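Analysis of the macromolecular model
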Amino acid sequence: MNKIKIILRGRYGIDQLNLTLLIMALILCIITAFTNNNKLLVVCWIPLSIYAYRALSKQHILRYKENIFYMKLLNPFLNPIYLILGRMKDKEHKYCNCPSCNQVIRVEKQKGKSRIFCPICKSEFIK
């Protein structure tokens, strides 16, 4: 066990890009198992090899820059998902759009209709 710890000391490890590569490899392996296509098995090894290379690399700065670039590419797709999930967890507030400026406004939940004042365009509306 100590020999493994010594070998893995100073290695980069796992980040978001590595996790994506691993999931991609597992999905491809599962598809290969159901289709019995050996050519697809070769494609399965490509993300797995990149995953192993990145995880065992000692070049932390390069791997970090690769992950930052990957996250910048992924950010436009993840931000709306995180926004929706955050709103779903918020049980005390309701989110509505201002009819004038289309600004999203967070309001405390109440029974019935309530007057809402938009802080951006200073208009007032009822929801």
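Description of the structure in this document. Source: prediction; values computed, not measured.

1. Some remarks on the state of the cysteines
Considering all chains together, one arrives at one disulfide under this definition. Here Cys29 engages in a disulfide with Cys44; their sulfurs sit 2.1 Å apart. Looking down the S-S bond of the Cys29 and Cys44 bridge, the torsion is -45 degrees, so its handedness is left-handed. Here Cys44 lies in helix H3 (residues 38-55) and Cys29 lies in helix H2 (residues 16-35), a separation of 15 residues in the sequence. Cys29 sits in the partly exposed class, given a relative accessible area of 29%. Left without a disulfide partner, Cys98 is nearest to the cysteine sulfur of Cys121, which lies 3.5 Å away.

2. Notes on a nonpolar patch on the surface
A cluster of nonpolar residues, Met1, Ile4, Ile7, Leu8 and Leu56, forms a patch on the protein surface that exposes about 540 Å² of accessible area. Mapped onto the fold, Met1 is located in the segment before helix H1 (2-8).

3. Here's the deal with the side chain of His93
Turning to its location among the elements, His93 is positioned in strand E1 (residues 93-97). Residue class for His93 comes out buried when judged on its relative accessible area of 17%. At 3.1 Å, the side chain of His93 forms a polar contact with the side chain of Asp90. His93 has contacts with Arg106, Val107, Glu108 and Lys109, leaving out every residue within four places of it along the chain.

4. Topic: the packing of aromatic side chains
One pass over the full model with this rule turns up zero aromatic pairs. If you follow Arg87 out to its NZ or CZ, it ends over the ring of Tyr95, 4.8 Å from the centre.

5. Points about helix H4 (residues 60-89)
Counted at 1.5 Å a residue, the expected span for H4 with its 30 residues is 44 Å, but the 36 Å between its end C-alpha atoms falls short. Asn75 marks the point of greatest bend in H4, at about 55 degrees, and the proline Pro76 comes within the next four residues. Along H4, the residues that are buried comprise Arg63, Asn67, Tyr70 and Leu78.

Scoring rules and cut-offs
Every residue gets a number counted from 1 within its own chain, in the order that chain's sequence is written. Residue-level local features of this predicted model are given only where pLDDT is at least 70; pairs of side-chain atoms are given and counted only at 80 or more, and the full residue set underlies all totals for whole chains, interfaces and linings. Neither water nor hydrogens contribute to the side-chain values; these are computed over all heavy atoms in the structure. Disulfide: a pair of cysteine sulfur atoms within 2.5 Å of each other. Here a helix means four or more residues in a row that DSSP labels H or I, a strand means two or more in a row labelled E, and each is numbered from the N terminus. Each residue's exposure class comes from its accessible area (1.4 Å probe, protein chains only) as a fraction of the maximum for that residue type: buried when under 20%, exposed when over 50%, partly exposed otherwise. Grouping into patches uses exposed residues only, defined as over 30% relative accessible area, and leaves out salt-bridged ones; the cut-off is 9 Å for like charges and 5 Å for nonpolar side chains (Val, Leu, Ile, Met, Phe, Trp, Tyr). Per-residue and other accessible areas follow the Shrake-Rupley method at a 1.4 Å probe size, with only the shown protein chains counted as cover for residues. Here, a salt bridge means any Lys or Arg side-chain nitrogen found within 4 Å of an Asp or Glu carboxyl oxygen. Here a polar contact is recorded for every N or O atom pair within 3.5 Å, except that within protein the pair must consist of a potential hydrogen donor and a potential acceptor, and residues adjacent in sequence are included only if both atoms are side-chain atoms. Two residues form a contact once any of their heavy atoms are found within 4.5 Å. Classification of ring pairs rests on two measures: the distance between centres of Phe, Tyr or Trp rings, Trp counted by its six-membered ring, which must be within 6.5 Å, and the angle between planes, read as stacked under 30 degrees, edge-to-face over 60 and tilted in between. Distance and angle both matter: a charge sits over a ring if NZ of Lys or CZ of Arg is within 6 Å of the ring centre and within 35 degrees of the ring normal. For a helix, the expected span equals 1.5 Å multiplied by the number of residues minus one. Note on bend: the value at a residue is the angle between axes fitted to the seven residues ending there and to the seven starting there.

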